[in-house]
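A closer look at the structure
Chain by chain, the residues run as shown.
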Amino acid sequence: MNLMKSFRISYILFIAFFCHACTTVHKTEYVMPGWPEPLSLSETQINFPPEGGTKTIMVASRYGQCTLDGVPEWLDYELDSTKLVLETSRNYSEELLSATIRISATDGESSAEDTLRVIQFNDGYEDLSSSGTSNCYIVSPGGGSYRFIATVKGSGNEVSDGTGGSSGLGVYISSYGVSIGNACSAQLLWETVPDGDLTSSHDVIAGKPEFCDGYIYFRTGNHAGNALIAVCDASGEILWSWHIWSPETEPGTSEYNGYTWLNRNLGASNNEPGDIGNRGLLYQWGRKDPFIPSPAPYGENYGGASDRQNNSIGDGTLAQDFISYNGLPYDEAPGNIPYSVRHPATYINFAGYQSHDWYAYSYEDNVAFQSFLWGDPASSEYSKSIFDPCPPGYVVAPDGAFAKGDAGTLQGWKADNYGYYWESGNGDYFPMPGYLSGTMSDSQGPLVGCGAIGAYWLSTPSSDSSGSYFVQLNTAQAVQLRSYKVYAFSIRCVKEGA
């Protein structure tokens, strides 16, 4: 009786730990209530940071004391009847350390076995967030090793999230904060390469990203392109996500009108006229996460095969979902923002016909249509918001950055090769990749104007319910207009603080 009582106490302690543990990979291994599998581990993978440390795994076995096999020299351990304690020192090697430990228990003719994967990262991972956190990080293809802080939302800027409210922080930050808690694992949501080949293995991210002690670690593959990596809680729900931008060459800059401009669209592999790698990605106004443009070559008829949508997921798990969710008709902040965070690959159709906005729809509430989700350039406290989609140090170009003339007409633009050269400005090329339209039906498809229209969001919303400012390039003109925030347009980033 004492032995059975002792086992029940140990098992209750194990269940309590198991239910509260935050791990890289979780297992549920019970054949019936009140009795564990022959051998159960609270975690099947443990990740250590480069500096090492100590971590504990709970173990429950029907057969008493367990034994270990395959423990590497760089790992110390202590094992008793209920837990396994692992300890490492700093990893000074040039590669990550990894091992698969076999855990077994035997009772007469009965036995059970399981495995535990242990990884320790090395110091060779470049910290992309060392100069500031962001929703987008630029990396290089070809096997680079990277990490970034995954406990902060976007820029981490607590000045304002652009959603109003009496606190000054904004309703979203007041309700949800800028810190990411309960993170347990990293997930590759999607990846894509700009070659139009939807059947290839994209290999923008090599292997699986890993979460460890507040950081996400990953390596790049052999292909230039884009990827979306998320951090999830124990149930697998997405807590936040980041765009990984892996261009063919490092983006350069140009100067004009008091701004330092990136020389290609956000997410573009290059800025070569006529090359589909120049398209970059598409963004609903105010959202931090991108959508993939058409993979069709330039030169096909407008409104025809060129408007082919791309649901590509590469080696990830989450396909782009363009028109599947009509935003709830919220008339106040934070509206559909929490949903957009949890569903970064879902295009949110307009929440109400009054404003054609994915976020909120009311004419009455100023927050609903004059939100500053990407930051307020007119404010003395303007800085990169937590939803800004640009890489560290850059923001979405604001109203006035393109030096518009009378009636919004843009001077000095020359149409050529499915885009425009800004000859009187910074001299750069601006392609016409088309856009995503929230007003299209499923039968028509959401992609519009590939090769015939370029639409570039500005960070400044209009002062009425007509949406936000953007620059439109088409075969007839270059002009600054206003459009509904539900549409997904291109972005050209400028240096923060210009």
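Shown above is the structure to which this text applies.
If you're wondering where the values come from, they're calculated on a predicted model, not measured in any experiment. (Residues numbered from 1 in each chain as written. Predicted model: local features only at pLDDT ≥ 70, side-chain atom pairs only at ≥ 80, totals over all residues. Heavy atoms only, no water.)

This paragraph deals with empty space enclosed by the protein. One pass over the structure, following the stated rule, counts three cavities of 30 Å³ or more. Estimated volume of the second largest cavity: approximately 60 Å³. Looking at the lining of the second largest cavity residue by residue, the class counts come to five nonpolar, two polar and three charged. (1 Å grid on protein atoms, 1.4 Å probe; cavity = no way out; pocket = protein on both sides within 12 Å on 5 of 7 lines; lining within 4 Å. Points joined across faces, edges and corners; volume = space filled by probe spheres on them. Nonpolar A, V, L, I, M, F, W, Y, C, P; charged D, E, K, R; others polar.)

Time to look at the sheet that holds strand 25 (residues 429-431). Read from one edge of the open sheet, three strands run 23-24-25, paired in antiparallel fashion. Every other strand in the sheet has two partners, leaving strand 23 (413-415) and strand 25 as the edge strands with one partner each. The average angle at which neighbouring strand axes cross in this sheet is 25 degrees, direction not considered. Pairing between strand 23 and strand 24 (residues 419-422): three bridges, direction antiparallel. Looking across to strand 24, one finds that Ala 415 is bridged to Tyr 420. (Pairing = 2+ DSSP bridges. Helix = DSSP H or I, 4+ residues; strand = E, 2+ residues; numbered from the N terminus. Axes fitted to C-alpha atoms, helices over the stretch in contact; angles between N-to-C directions.)

Quick look at the environment of Leu 116 now. Inspection of the secondary structure assignment puts Leu 116 in strand 8 (residues 110-120). What makes Leu 116 buried here is its relative accessible area of 0%. Once residues lying within four places of it in the same chain are set aside, the contact partners of Leu 116 are Leu 41, Glu 43, Thr 44, Gln 45, Ile 46, Ile 57, Leu 84, Leu 86, Ala 99, Thr 100, Ile 101 and Ile 103. (Buried < 20%, exposed > 50% of the residue type's maximum accessible area, 1.4 Å probe, protein only. Contact = heavy atoms within 4.5 Å.)

Looking now at unusual backbone geometry. In this structure, Asn 182 is a non-glycine residue whose phi angle is positive, near 65 degrees. Of note in this structure, Asp 213 is not a glycine but carries a positive phi near 50 degrees. Relative to the assigned elements, Asp 213 resides in the loop between strand 13 (205-212) and strand 14 (215-220). Relative accessible area serves as the criterion here: at 47%, Asp 213 is assigned to the partly exposed category.

The bond known as a disulfide is covalent and runs between the sulfur atoms of two cysteines. Applying the stated criterion across every chain yields a total of one disulfide. With its sulfur 2.4 Å from that of its partner, Cys 390 forms a disulfide with Cys 493. Negative torsions about the S-S bond denote left-handed disulfides, and the value of about -90 degrees found for Cys 390 with Cys 493 makes this one left-handed. In this pair, Cys 390 is assigned in the loop between helix 4 (366-369) and strand 22 (394-396) and Cys 493 in strand 32 (residues 493-495), connecting sequence segments 103 residues apart. Judged by relative accessible area, which is 0%, Cys 390 ranks as buried. (Disulfide = S-S within 2.5 Å.)

A few words now on the packing of aromatic side chains. Taken as a whole, this structure holds 35 aromatic pairs when the rule is applied. Ring geometry for Tyr 298 versus Tyr 418: centroids 5.2 Å apart, planes at 15 degrees, classification stacked. Here Tyr 418 lies in the loop between strand 23 and strand 24 and Tyr 298 lies in the loop between strand 19 (283-284) and strand 20 (321-326), a separation of 120 residues in the sequence. When its relative accessible area of 12% is taken as the criterion, Tyr 298 is described as buried. Through a chain of ring-to-ring contacts, the aromatic side chains of Tyr 256, Tyr 259, Trp 261, Phe 402, Trp 413, Tyr 420, Trp 422, Phe 430 and Tyr 456 assemble into a single cluster. (Phe/Tyr/Trp six-rings, centres within 6.5 Å; stacked < 30°, edge-to-face > 60°.)

The next point concerns the pairing of strand 24. Between the antiparallel neighbours strand 23 and strand 24 lie three residues, among them Asn 417 with a positive phi of about 55 degrees. Pairing of strand 24 with strand 25 involves three bridges; the strand directions are antiparallel. Along strand 25, the bridge assignment pairs Gly 419 with Pro 431. Between strand 24 and strand 25, which follow one another and run antiparallel, lie six residues, and Gly 427 among them has a positive phi close to 80 degrees.

Attention now moves to the nonpolar core. Ile 216, Phe 218, Val 231, Trp 242, Ile 244 and Ile 491 are the most contacted members of the largest nonpolar core, which has 77 residues in total. Beyond its immediate sequence surroundings of up to four residues, Ile 216 is in contact with Tyr 146, Arg 147, Phe 148, Ala 150, Ala 186, Pro 209, Glu 210, Phe 211, Ile 229, Ala 230, Val 231 and Trp 242. (Core = buried A, V, L, I, M, F, W, Y, C linked by side-chain atoms within 4.5 Å.)

Glancing now at the side chain of Ser 294. Mapped onto the fold, Ser 294 is located in the loop between strand 19 and strand 20. When its relative accessible area of 4% is taken as the criterion, Ser 294 is described as buried. A polar side-chain atom of Ser 294 sits 3.1 Å from the main-chain amide nitrogen of Ala 296. Contacts of Ser 294, omitting those with residues within four sequence positions, involve Arg 279, Ser 306, Arg 308, Leu 447 and Cys 450. (Polar contact = N/O pair within 3.5 Å; in protein donor to acceptor, adjacent residues only side chain to side chain.)

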